[in-house]
Amino acid sequence: MNTPLNIAVASGKGGTGKTTLSVSLAIALGESVTLLDCDVEEPNCHIFIKRNNIGKEKVSVLIPKVEKTRCNKCGNCAKICRYNAIVSLPSGPLIFPELCHSCGGCARICPTGAITEKKEPIGVIESSLSGNIKFFQGIMHVGKPISPPLIKAVKMHKSPDHLTIIDCPPGTSCPMITAVKDSDFIILVTEPTPFGLNDLKLAVETSRKLKIPFAVVLNRSDSGDNRVDEYCKNESIPVLLRIPEMRCIAEAYSNGKTIIDAVPIIRGQLISLLNDVVSIVKAKGKINAG
Amino acid sequence: MKIAISSKGKELDSLLDSRFGRARYFIIYDGKADTFSVMDNSMNFDAAQGAGIQTAQNVLSTGVEHIITGHCGPKAYKVLSLSAAKLYLKENGTVKEAIDDLIGGKLKAANNADVEGHWM
């Protein structure tokens, strides 16, 4: 599959099997593939992958620092900050780095050059080659509240010449959107429960807004009820794979093994899932290569 | 004496708003002239983030010496603590009752945030 396709694996609800599916797809493919763990607040693809010679890359964001002696207390920095990260007080500006989105507006508008941007580390990216898988994972430093800059840095490693699988954070807010953005396809992993359905609907709305084609994978498909199926049918959303609820899958998972270890026959289904995705994307006629 | 009170409405008999950063209005009461004005806080009511610190800046810019609200988080408190204004916490009642309590010496100045951010 020498197609430089980017497939995001997202869900809405947490714990539906995004990582399980992402890692299994990468292993099933058996040829060069890049796997990006963009769930940077809790990356866990690494549990299922043997890693050697781990490379580390530091990721920082720019945060304003004020040179008090040069500040004329005009307050323009606070006015331009749309993230409310700066307040202007009679004693000068007060910066809340945890609210800063590193837009640089304050440094540009400061008439006296009192504000400069300084690098603030937010996390690291670990890279390794494990068999056919080029693996990258972002790890946020504890206490850092804004993950999108790190997620973007991890996504810089998507492959220009082969398939890239992106394991996304749960939810449908900025981290998830940053992770799925510019992908060619989104696989939404869900489960047949009321929470699974509720969050699937949110993820479907998000995918539609982003104009990225998507389909559903139903995990633990024979548990719960059939409302997810009914919803997908009514909305004409393809269900590309059903992973049954099996004790051996749960046991394998708890030992750091994948679905393929538990149910080897699923490998063929995972490869056809990838082929289905490629056909859907090709039918839509646009690949965001590179 | 100028007092800011977080309020759910625009009158002296409006109920206190227990939230600081996302209070709907602030009543700015001028004790000397016995008049008041209304500060609309709707911009911060809907702010994605940083409502507390922005509200603190806006309230301080009116030149008040006393601020009465229900609860105050750490970031807003940090901003307020850099000014000379004193903060008082009062959960229930009307704006007028809060002013009377303050003038009557029934409120004690807070010397810390009393809740975490996003407490509600």
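On a predicted model such as this, the values are computed, not experimentally measured, just so you know.

For this particular structure, what's the right way to read the packing of aromatic side chains?
For any pair of aromatic rings, the description consists of the separation of the ring centres together with the inter-plane angle of the planes. Summed over all chains, the structure comprises two aromatic pairs over all chains. Ring plane angle 40 degrees and centroid distance 5.3 Å describe the contact between Phe 48 of chain A and Tyr 253 of chain A, whose orientation is recorded as tilted. Here the residue Phe 48 of chain A occupies a position in the loop between strand E2 (33-37) and strand E3 (55-66), and Tyr 253 of chain A occupies one in helix H8 (residues 247-254), the gap between them amounting to 205 residues. When the centroid spacing of 5.5 Å and the interplanar angle of 75 degrees are considered together, the rings of Phe 20 of chain B and Phe 26 of chain B count as edge-to-face. A single burial state applies to Phe 20 of chain B and to Phe 26 of chain B, both of which are buried. Here the basic side chain of Arg 24 of chain B rests over the ring of Tyr 25 of chain B, its NZ or CZ set 4.9 Å away from the ring centre.

It is not clear to me how the nonpolar core should be interpreted in this structure. Could you clarify?
Soluble, globular proteins show a tendency: their nonpolar side chains are buried together. Of all hydrophobic cores here, the largest spans 71 residues; its most connected members are Ile 186, Leu 188 and Leu 200 of chain A together with Phe 26, Ile 67, Val 79 and Leu 80 of chain B. Setting aside residues up to four positions removed in sequence, Val 79 of chain B forms contacts with Val 87, Leu 89, Leu 94 and Phe 96 of chain A together with Ile 53, Ala 56, Gln 57 and Leu 60 of chain B. Of all hydrophobic cores here, the second largest spans 37 residues; its members include Leu 21, Ala 215, Leu 241 and Ile 259 of chain A.

What is the right way to look at the domain arrangement of chain A in this model?
When the parts come together, some accessible area is lost, and that loss is often what is quoted as the size of the interface. Along its sequence, chain A is organised into domain 1 (6-32 + 159-284) and domain 2 (60-120). If you average the C-alpha positions of domain 1 of chain A and of domain 2 of chain A, the two centres end up 42 Å apart.

What is the right way to look at the layout of surface pockets in this model?
Rolled over the atoms, a probe as big as a water molecule pinpoints where empty space is left. Residue and element names in this part refer to chain A. The volume enclosed by the largest pocket comes to roughly 540 Å³. Taken together, 25 residues make up the lining of the largest pocket; nearest its centre are His 101, Ile 146, Ser 147, Pro 148 and Pro 149. Breaking the lining of the largest pocket down by element, the ones donating at least two residues are E3, strand E6 (115-130), helix H4 (148-155) and helix H5 (174-180). In terms of residue count, the dominant contributor to the lining of the largest pocket is H5 (four residues).

Teacher, can you tell me more about the pattern of salt bridges here?
Two side chains that carry opposite charge are able to pair once their charged atoms sit near each other. Residue and element names in this part refer to chain A. Counting across every chain of the model gives 13 salt bridges over all chains. Of the charged contacts in the structure, one is a salt bridge between Arg 208 and Glu 235, with a shortest N-O distance of 2.9 Å. One end of the pair, Arg 208, is in helix H6 (residues 194-209); the other, Glu 235, is in the loop between helix H7 (227-234) and strand E11 (239-243), with 27 residues separating them in the sequence. For Arg 208, a relative accessible area of 40% puts it in the partly exposed group. The class of Glu 235 is partly exposed, set by a relative accessible area of 33%. In this structure, Asp 229 engages Arg 242 in a salt bridge whose closest nitrogen and oxygen atoms are separated by 2.9 Å. Note that Asp 229 is positioned in helix H7 and Arg 242 in strand E11, a separation of 13 residues in sequence. Given the relative accessible area of 25%, Asp 229 is considered partly exposed. Residues joined in a network through salt bridges with shared partners are Lys 13, Glu 191, Arg 220 and Glu 245.

Hey, could you run me through the packing of helix H1 (residues 18-29) of chain A against helix H10 (residues 266-284) of chain A in this one?
Geometrically, a packed helix pair is captured by the angle between its two axes and the distance between the axes. Residues and elements named next belong to chain A. It is at 9 Å that the axes of H1 and H10 come closest, and there the two elements cross at 95 degrees. On the basis of the axis angle, H1 is roughly perpendicular to H10. For the pair formed by H1 and H10, the contact residues are Leu 21, Ser 24, Leu 25, Ile 27, Ala 28 and Leu 29 on the first element and Arg 267, Leu 270, Ile 271, Leu 273 and Leu 274 on the second. Among the residues forming the contact of H1 with H10, the class breakdown is nine nonpolar, one polar and one charged.

Would you explain the interface of chain A and chain B in this entry?
The interface is formed by 13 residues belonging to chain A together with 13 residues belonging to chain B. When chain A packs against chain B, the two sides together hide about 1100 Å² of surface, and 63% of this comes from carbon and sulfur. Put simply, chain A and chain B have zero salt bridges between them. At the junction of chain A and chain B, the tally comes to five residue pairs in polar contact (both at pLDDT 80 or more).

About the thresholds
Residues numbered from 1 in each chain as written. Chains lettered and ligands numbered in written order. Predicted model: local features only at pLDDT ≥ 70, side-chain atom pairs only at ≥ 80, totals over all residues. Heavy atoms only, no water. Phe/Tyr/Trp six-rings, centres within 6.5 Å; stacked < 30°, edge-to-face > 60°. Helix = DSSP H or I, 4+ residues; strand = E, 2+ residues; numbered from the N terminus. Buried < 20%, exposed > 50% of the residue type's maximum accessible area, 1.4 Å probe, protein only. Lys NZ or Arg CZ within 6 Å of the ring centre and 35° of its normal. Core = buried A, V, L, I, M, F, W, Y, C linked by side-chain atoms within 4.5 Å. Contact = heavy atoms within 4.5 Å. Domains from an automatic or database assignment. 1 Å grid on protein atoms, 1.4 Å probe; cavity = no way out; pocket = protein on both sides within 12 Å on 5 of 7 lines; lining within 4 Å. Points joined across faces, edges and corners; volume = space filled by probe spheres on them. Salt bridge = Lys/Arg side-chain N within 4 Å of Asp/Glu carboxyl O. Axes fitted to C-alpha atoms, helices over the stretch in contact; angles between N-to-C directions. Parallel < 35°, antiparallel > 145°, perpendicular 65-115°, else oblique. Nonpolar A, V, L, I, M, F, W, Y, C, P; charged D, E, K, R; others polar. Buried area = accessible area lost by both parts, 1.4 Å probe. Polar contact = N/O pair within 3.5 Å; in protein donor to acceptor, adjacent residues only side chain to side chain.

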